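Take a look at the letters that make up each chain.
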Amino acid sequence: MKNYINLLTKENNKHIIFFIILNIILVIAETFTIALIPLFIDFIISSKPILPKYLSFFDNSFNSGNKDSLLNLGIIFFTIIFLVKNFFYLSVVFYQASLKKKFNYHLKKKFLGLYIFAPFETIKSYNTSEILRNTDTEVQNYVTNFFNILKFSKDFLLLLAIFFLLIVADVYSAIIALLFLILSILLYFFSFYNYLNKLGLRRLNSVNAMYQWINQTCGAIKEIKITRKENKVLENFSNKVDIFEQSKKVTEIISALPAAIFEIVFVFIILSLIKFLAHTDSINNLPSLSLYIVAFIRLLPIVSRFGTSISVLRYFNPSVKLLNKEIDKLEKYSQSEKKVYRFKKELLQFTKDFELNLISFKYNDGNQNIFKNFNLKIEKGKSIAFLGKSGSGKTTLINIICGLLKPTSGEILIDGQNINNNVVGWQRNIGLISQDNYLLDDTLKNNIVFLNDKDSVDKKKLDDAIFYSGVSEFLDDLKSGLNTKIGEKGSILSSGQIQRVALARLLYRDPEVLILDEFTNSLDPNNEDFILEKLIQLQNKKNKTYIVISHKLKPLKICDEIMIMEKGKILEKFNYPDFYSKYNLLYN
């Protein structure tokens, strides 16, 4: 239970306490209405009914001897009682549904926030399917099961209240029945306790695997269709679905056992009572019999839910533990990141140069430094290229410059100012474009202004971005122009057009430093020449700084200096003519 409570906020705790109070009142109301049924029967058939002793208006009607008015009064009274009880019940259900919605909303928002505010290195260690599963499926399971616990508690209170009524009617029979029920529940609980936990772990892993296969299938659909691996994909996915559905099936069967057992016992007890009453004055015992019948009818769904609740809570226990573990792991990052974002947003001015001074860096799970006492200085308005084999440190260097990775030691200075004091302010100077750019399933315009409010769109910046990126070249070909929906990942556009849209998005932000990471890899020569020419025009006009990573020769032409890296070190530096004279055969 502690794991469930840990996920609640203080505000949620207040709502839960109020909800528990409402359920206690509901239990009292339900117990009262159950007790009224035998009293009503007694009122109708008995020559000396109990109700008039406590309610004077029933006493007056009873003494008047008018049977029809007595029955009418009784029907009206009991109907009003049940109407009020059920109106209150529906109000509690409405409040519960509102709480579920509120909890789901806040927890899903919280978990996505934990992931996006986590350090870049941490978030990159997660599989997409894990984030999707935890943020949506597992949060929903948690909320559903938390309210199952509250319902279980309410049912338990109602069960005790019903048995109290039965004890008033027949103390020995009620105590024997209560002991039998408690022993049955304990036997059921301990019989399946560990097995249900194993099923829960199996379900958790299979859900993750299913999401993973769906993501992988959508991402590699071209290769799958070309290599005709559709059946293999279906086979692997089906295996995970089978494990998931099998664990659900077994849990459902285990959950149904208490209801079946209790129903058998219930039928046996009622038949025994009928046999007993057949040898006695059955009319006088009818109120007691009605109490037993109503009590057992009301207890049947409660005991059924006991089995379901115990099974489901144990089954989903691994999910709740996982969510608590994620919060413990990520919340410390989330708080610090939010503080940085909240208090340090002013633009960090970049007018002269930025410098990496004695930078060392090692990944959390790495054994050795990627960089050790690394130095680099780039002047404003210059274009620098980094070349090197895979694993030479280019991507890590870019991530450090972007403020995505924090150096183990050393400092990054912008005009002599350490960016650690204002990472967000530095990042407002940076724009990044790579060979794989994610486009939203939205309009062309919204992809360029990217998550900016419609009311805050700068028309001049938008026009400049469209011109310098080359989006203007194909804009008139689109049916609705800037308001054209471009599909998931830009499905209606060519690869060259996607790259232009990504460049337009970068240029709309109008950053001082443009990081161009293999940005022309998917472009044909004409598109490549066009974009490079636009970048030269932009640099001449606005004195932009370019940092280029490329394995192609053409993008290097716009660079003032080309640096060759290996194992986290700069081995050689060239201007373009010297680089070309030494390496043109390799690139050609």
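Every value quoted in this text rests on a predicted model; they were computed, and no experiment measured them. Within each chain, residues carry numbers counting from 1 in the order of the written sequence. Per-residue local features are limited, in this predicted model, to residues with pLDDT of at least 70; the limit for side-chain atom pairs, both in listing and counting, is 80 or more; totals at the level of whole chains, interfaces and linings are taken over all residues. Computation of side-chain values covers all heavy atoms of the structure but excludes hydrogens and water.

### Things to note about the overall build of the protein chain
Let me state the cut-off plainly: Where helices and strands are cited, they refer to DSSP runs of H or I of at least four residues and of E of at least two residues respectively, numbered from the N terminus. Exposed residues in this analysis have more than 50% of their type's maximum accessible area, buried residues have under 20%, and partly exposed residues fall in between, with area computed by a 1.4 Å probe over protein chains only. The criterion used for residue contact is that any of the two residues' heavy atoms lie within 4.5 Å. Surface exposure here means Shrake-Rupley accessible area, sampled with a 1.4 Å probe, where a residue is shielded only by the protein chains that are shown.
A tally of helices and strands in the protein chain yields 20 helices and ten strands. Sorting the 588 residues of the protein chain into buried and exposed places 44% on the buried side. Contacts in the protein chain between residues far apart in sequence, at least 24 positions, make up 76% of those at least 6 positions apart. A total of about 32,100 Å² of accessible surface is found on the protein chain, and carbon and sulfur atoms cover 59% of it.

### What to know about the nonpolar core
Using the following cut-off: Definition of nonpolar core: a set of buried residues of the types Ala, Val, Leu, Ile, Met, Phe, Trp, Tyr and Cys, connected through side-chain atoms within 4.5 Å.
One finds I448, L535 and F579 to be the most contacted residues of the largest nonpolar core, which totals 45 residues. Looking at which element gives the most residues to this core, the answer is helix 18 (residues 495-509), with eight residues. Once residues within four sequence positions are removed from consideration, I448 is found in contact with L462, A465, I466, L482, V501, A504, R505 and Y508. Residues L348, V513, I515 and I547 belong to the second largest nonpolar core, which totals 29 residues.

### Here's the deal with the pattern of salt bridges
We apply this condition: The salt bridge criterion pairs a side-chain nitrogen of Lys or Arg with a carboxyl oxygen of Asp or Glu, the two atoms within 4 Å.
Enumeration according to the criterion identifies 15 salt bridges in this entry. For K380, the salt bridge identified is with E512, shortest N-O distance 2.7 Å. A residue pair is termed long-range when its members are at least 10 positions apart, and K380 in the loop between strand 2 (371-379) and strand 3 (383-388) and E512 in the loop between helix 18 and strand 7 (513-517) qualify at 132 residues. Overall, K380 belongs to the buried group, its relative accessible area being 16%. Overall, the relative accessible area of 22% leaves E512 in the partly exposed class. Among the salt bridges present, the one from E528 reaches K552, with a minimum N-O distance of 3.4 Å. Of this pair, E528 sits in helix 19 (residues 525-542) while K552 sits in the loop between strand 8 (545-549) and strand 9 (561-566), and the two are 24 residues apart along the sequence. Classification of E528 as buried rests on a relative accessible area of 3%. Here the salt bridges do not stand alone but share partners, grouping K380, K460, D464, D510, E512, K542 and K544 into one network.

### Considering unusual backbone geometry
Glycine aside, the phi torsion of most residues is negative, and most peptide linkages are trans. One non-glycine residue, D415, lies in positive phi territory at about 50 degrees. Topologically, D415 is positioned in the loop between strand 4 (409-414) and strand 5 (417-418). For D415, a relative accessible area of 27% corresponds to the partly exposed category. At N543, a position not held by glycine, the phi torsion is positive, near 55 degrees. Inspection of the secondary structure assignment puts N543 in the loop between helix 19 and strand 8.

### Quick look at the sheet that holds strand 4
Worth spelling out the cut-off: What makes two strands pair is DSSP finding at least two bridges between them.
Sheet architecture is open: four strands sit in the order 2-1-4-5, paired in antiparallel fashion. This sheet does not close on itself; its edge strands, each paired only once, are strand 2 and strand 5. Across six bridges, strand 1 (residues 353-361) lies against strand 2 in antiparallel orientation. Among the inter-strand pairings, I359 is bridged to a residue of strand 2, identified as F374.

### Section: a nonpolar patch on the surface
To be explicit about the condition: Patches here: salt-bridge-free residues with over 30% relative accessible area, like charges joined within 9 Å, nonpolar side chains (Val, Leu, Ile, Met, Phe, Trp, Tyr) joined within 5 Å.
Taken together, the side chains of I20, I24, I28, F156, L157 and L160 define a hydrophobic patch exposed on the protein surface, amounting to about 510 Å² of accessible area. Broken down by secondary-structure element, the contributors of at least two residues to the nonpolar patch are helix 2 (10-45) and helix 7 (128-169). Looking at the element boundaries, F156 is found in helix 7. Classification of F156 by relative accessible area gives partly exposed; the value is 40%.

### So, the sheet that holds strand 10 (residues 569-574)
Here is the rule we go by: Only the contacting stretch of a helix is used when fitting its axis, a line to C-alpha atoms as for every element, and angles between N-to-C directions run 0 to 180 degrees.
Spatially, six strands are ordered 6-7-8-3-9-10 in an open sheet, and the strand pairing comes out mixed. What marks the edges here is a single partner per strand, and that holds for strand 6 (430-434) and strand 10. Direction aside, the axes of adjacent strands within the sheet are offset by 20 degrees on average. As defined by bridge partners, strand 3 adjoins strand 8 across four bridges and the pair is classed as parallel. By the bridge assignment, A385 is partnered in strand 8 with V548.

### Regarding the packing of helix 16 (residues 459-469) against helix 18
Formally: Should an angle fall under 35 degrees it is called roughly parallel, over 145 degrees roughly antiparallel, and 65 to 115 degrees roughly perpendicular, with every other angle called oblique. For a crossing to be left-handed, the near helix must be turned anticlockwise from the far one by less than a right angle; the clockwise case is right-handed.
Here helix 16 crosses helix 18 at 140 degrees, and the two axes come no closer than 8 Å. The pairing of helix 16 with helix 18 is recorded here as oblique in orientation. As for the relative orientation of helix 16 and helix 18, their crossing is right-handed in sense. Here K461, L462, A465, Y468 and S469 of helix 16 come into contact with helix 18, specifically with R500, L503, A504, L507, Y508 and R509.

### Focus on the pairing of strand 6
With four of its five residues buried, strand 6 lies for the most part within the structure. Relative to strand 7, strand 6 runs parallel, the two being bridged by five bridges. By the bridge assignment, L432 is partnered in strand 7 with I515.

### Looking at the pairing of strand 9
Bridge analysis of strand 3 against strand 9 gives five bridges, and the strand direction is parallel. Bridging from a neighbouring strand, A385 pairs with I562 of strand 9. Pairing of strand 9 with strand 10, which is carried by five bridges, proceeds in the antiparallel orientation. Opposite M563, over in strand 10, you have K573 as the bridge partner. Connecting strand 9 to the next strand, strand 10, in antiparallel fashion are two residues, including K567 with a positive phi near 55 degrees.

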